[in-house]
Amino acid sequence: METWLVTGGAGFIGSNFILQQRRAQTARIINLDKLTYAGNPHNLSELRRDPDYLFQLGDIGDRPLLSSLLANQQPDAVIHFAAESHVDRSIRSPEAFIETNVVGTFRLLDEVRQYWEGLRGAKKAAFRFLHISTDEVYGSLGPDDPAFTETTPYAPNSPYAASKAAADHLVRAYHETYGLPVLITNCSNNYGPLQFPEKFIPLMILNALQGKKLPIYGDGQNVRDWLYVADHCKALRLVLAQGRVGASYNIGGRCEKTNLDVVTHICHLLDELFPQAPSVPHARLITFVPDRPGHDRRYAMNISKIEQELGWTPKESFDSGLAKTVRWYVDHPQWVESVTSGAYRQWLQMHYGADSS
Ligand code: NAD
Ligand code: TYD
């Protein structure tokens, strides 16, 4: 069995990925995670007794730690999820985004390059560095623009998007300059179980369940291309196994929705699940609030390349994926309790004001 070093595996997508891979027993996994506010080791508690899963607390910017981890564990691949990932936080406090997403990615790349240069034969030839990125590097689309392709010029608008774009460029440069066998994926907005509730869909589900306001930025007509997280994880597995070295692949749900449509849908699902709740109809909780600065209007991914080259396509429909997601948050109050700590409540208070905490 291969060994993979996963970074940021205690976050939303990373933990879904690790659970999916360990359930299928595809690889032995070492998860390097700093456990920021967004990292939650409980996400992986099902693997507590799994001898082929190892958690390593640490920072991707810690070179001595990286160097010993790589030397001791001899991974066949590095799968890099670790990042600061929330746009609103990047607007308020951009520095952590530069430190982790840019400097951290650089140090990780450089340590991995040294490790890879020391490998020999088949192990060296088969090694891969998979970098997980976002559609936000491409900027914003107008209503009639064609969807982003892999050759759309980068035009990031938020500090988050700019830091991910910088990381993507470094990863690409490490391939072009040193020959490091990299793969880059750029994915659209994910949703599903285990997503930290500062992000749009879980925030709306949890606020609605508690009868709190549902804060929609601007006019609610911003469009995102939603992908169920399990579909993203399957795409990553495929890119890792079969992607062309040095290539980037767009991943998306072919599922464009306005924010207002998404919230309304969540409200209907909750009305059906809890017809007696005092907040029914939940849509009356929708509240328009001032817009996010530099708020990208529309994202949409052209996914022809990954479909044609690797045969991947999104499987979960938005209706079934959203229903599953709402159900998951309803069924996991303890998980919600464990992540909505003091730090989370402070963020709500600072960002949304007194009403929301
Ligand atoms: P997340 O914020 O839920 O998790 C990030 C994880 O990285 C956390 O476990 C955190 O503790 C860890 N981390 C942060 N800084 C670290 C550091 N310096 N060293 C080690 N670990 C650190 O993020 P997510 O939503 O799971 O996103 C994962 C990746 O996918 C990110 O690179 C993000 O840019 C990308 N992405 C996310 C989406 C989305 O919709 N969530 C879409 C496309 C791409
Ligand atoms: P988010 O989940 O932060 O993802 P991203 O900004 O990376 O796309 O937000 C998704 C959309 O929802 C985005 O257009 C901003 C909007 N949004 C709100 O309207 N209200 C909110 O409270 C949040 C968190 C997001």
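Going by the structure above, here's the rest.
Keep in mind that what you see is a predicted model, and the values were worked out from it rather than measured. (Residues numbered from 1 in each chain as written. Chains lettered and ligands numbered in written order. Predicted model: local features only at pLDDT ≥ 70, side-chain atom pairs only at ≥ 80, totals over all residues. Heavy atoms only, no water.)

Caption draft 1: Here's a closer look at the overall build of the protein chain. Within the protein chain, the secondary structure is distributed over 13 helices and 13 strands. For 357 residues, the compact-globule estimate of 2.2 N^0.38 gives 21 Å, and the protein chain sits close to it at 20 Å. Each principal axis of the C-alpha atoms in the protein chain carries an extent, and together these give about 65 × 50 × 40 Å. For the protein chain, with 357 residues in total, the buried portion stands at 55%. Of the contacts made within the protein chain by residues no fewer than 6 positions apart, 80% connect residues no fewer than 24 positions apart. Only carbon and sulfur atoms are counted for the fraction: they give 51% of the accessible area of the protein chain, which is about 14900 Å². For the protein chain, the distance from the average position of its 35 positive side-chain charges to the average position of its 39 negative side-chain charges is 4 Å. (Helix = DSSP H or I, 4+ residues; strand = E, 2+ residues; numbered from the N terminus. Rg over C-alpha atoms; globule rule 2.2 N^0.38 Å. Buried < 20%, exposed > 50% of the residue type's maximum accessible area, 1.4 Å probe, protein only. Contact = heavy atoms within 4.5 Å. Areas by Shrake-Rupley, 256 points an atom, 1.4 Å probe, with all protein chains shown as cover. Lys, Arg positive; Asp, Glu negative; His and termini not counted. Charge placed at Lys NZ, Arg CZ, Asp CG, Glu CD.)

Caption draft 2: Representation of the site of ligand 2 in the model. Taken together, 20 residues form the shell around ligand 2, and within it Glu136, Arg224, Arg292, His295 and Tyr352 come nearest. Take tyrosine 217: an N or O atom from its main chain is 2.9 Å from an oxygen atom of ligand 2. Side-chain polar atom of arginine 292 to an oxygen atom of ligand 2: 2.5 Å apart, as the coordinates give it. Look at ligand 2: alone it shows 520 Å² of surface, and the protein chains cover 97% of it. Contributions of two or more residues to the shell around ligand 2 are made by α3 (87-92), α7 (200-209) and β8 (214-217). Of the residues that constitute the shell around ligand 2, the class distribution is 9 nonpolar, 5 polar and 6 charged. (Near = heavy atom within 4 Å. Polar contact = N/O pair within 3.5 Å; in protein donor to acceptor, adjacent residues only side chain to side chain. Nonpolar A, V, L, I, M, F, W, Y, C, P; charged D, E, K, R; others polar.)

Caption draft 3: Up close: the site of ligand 1. Around ligand 1 sit 28 residues, and of these Ile13, Asp33, Ser85, Tyr160 and Lys164 come closest. A distance of 2.8 Å is found between an oxygen atom of ligand 1 and a backbone nitrogen or oxygen belonging to isoleucine 13. Protein burial of ligand 1: of its 830 Å² of free accessible surface, 97% is covered by the chains. When contributions to the shell around ligand 1 are tallied by element, the ones reaching two or more residues are α1 (12-23), β5 (128-134) and α6 (159-178). When residues in the shell around ligand 1 are grouped by element, the largest group, 3 residues, is from β5. Among the residues making up the shell around ligand 1, the classes are represented as 12 nonpolar, 12 polar and 4 charged.

Caption draft 4: Fine view of the packing of aromatic side chains. Evaluation of the coordinates by the stated rule reveals 16 aromatic pairs. Centroid distance tyrosine 138 to tyrosine 154: 5.5 Å. Interplanar angle 90°. Geometry classified as edge-to-face. Pair noted here: tyrosine 138 is in the loop between β5 and α6 and tyrosine 154 is in the loop between β5 and α6, with a separation of 16 residues, a long-range link. Site record: aromatic cluster; members linked through ring pairs are Tyr191, Phe200, Trp226, Tyr228 and Phe318. A cation over an aromatic ring shows up here: lysine 124 above the ring of tryptophan 116, its NZ or CZ 4.7 Å from the ring centre. A cation over an aromatic ring shows up here: lysine 305 above the ring of tyrosine 249, its NZ or CZ 4.9 Å from the ring centre. (Phe/Tyr/Trp six-rings, centres within 6.5 Å; stacked < 30°, edge-to-face > 60°. Lys NZ or Arg CZ within 6 Å of the ring centre and 35° of its normal.)

Caption draft 5: Structural context of α6. Along its 20 residues, α6 runs 28 Å from first to last C-alpha, staying within 8% of the 28 Å computed at 1.5 Å per residue. Those residues of α6 that sit buried are Tyr160, Ala161, Ser163, Lys164, Ala165, Ala167, Asp168, Val171 and Tyr174. In this structure, the buried residues of α6 make contact with α3, α4 (95-117), β5 and β6 (182-187). Downstream of α6 by one or two residues, glycine 179 has phi in the positive range, about 80°. (Expected span 1.5 Å × (residues − 1).)

Caption draft 6: Representation of the nonpolar core within the structure. Counting 75 residues, the largest nonpolar core has Ile79, Ile201 and Ile306 as the members making the most contacts within it. Looking at which element gives the most residues to this core, the answer is α7, with 7 residues. Those residues in contact with isoleucine 79 that lie beyond four places of it in its chain are Trp4, Leu5, Val6, Thr7, Phe17, Leu130, Ile132 and Leu240. Judged by nonpolar contacts, the second largest core, of 23 residues, contains Leu5, Leu32, Leu66 and Leu180. (Core = buried A, V, L, I, M, F, W, Y, C linked by side-chain atoms within 4.5 Å.)

Caption draft 7: Inspection of the packing of α7 against helix α11 (residues 318-331) at higher detail. Orientation of α7 relative to α11, taken along the N-to-C sense of each, is 55°, at an axis distance of 10 Å. One way to sum up the angle between α7 and α11 is to call them oblique. The chirality of how α7 crosses α11 is right-handed. Here α7 contributes Ile201, Pro202, Ile205, Leu206 and Leu209 to the contact with α11, which in turn contributes Leu322, Thr325, Val326, Tyr329 and Val330. Within the contact of α7 with α11, the residues separate by chemical class into 9 nonpolar, 1 polar and no charged. (Axes fitted to C-alpha atoms, helices over the stretch in contact; angles between N-to-C directions. Parallel < 35°, antiparallel > 145°, perpendicular 65-115°, else oblique. Left-handed = near helix turned anticlockwise from the far one by under 90°.)

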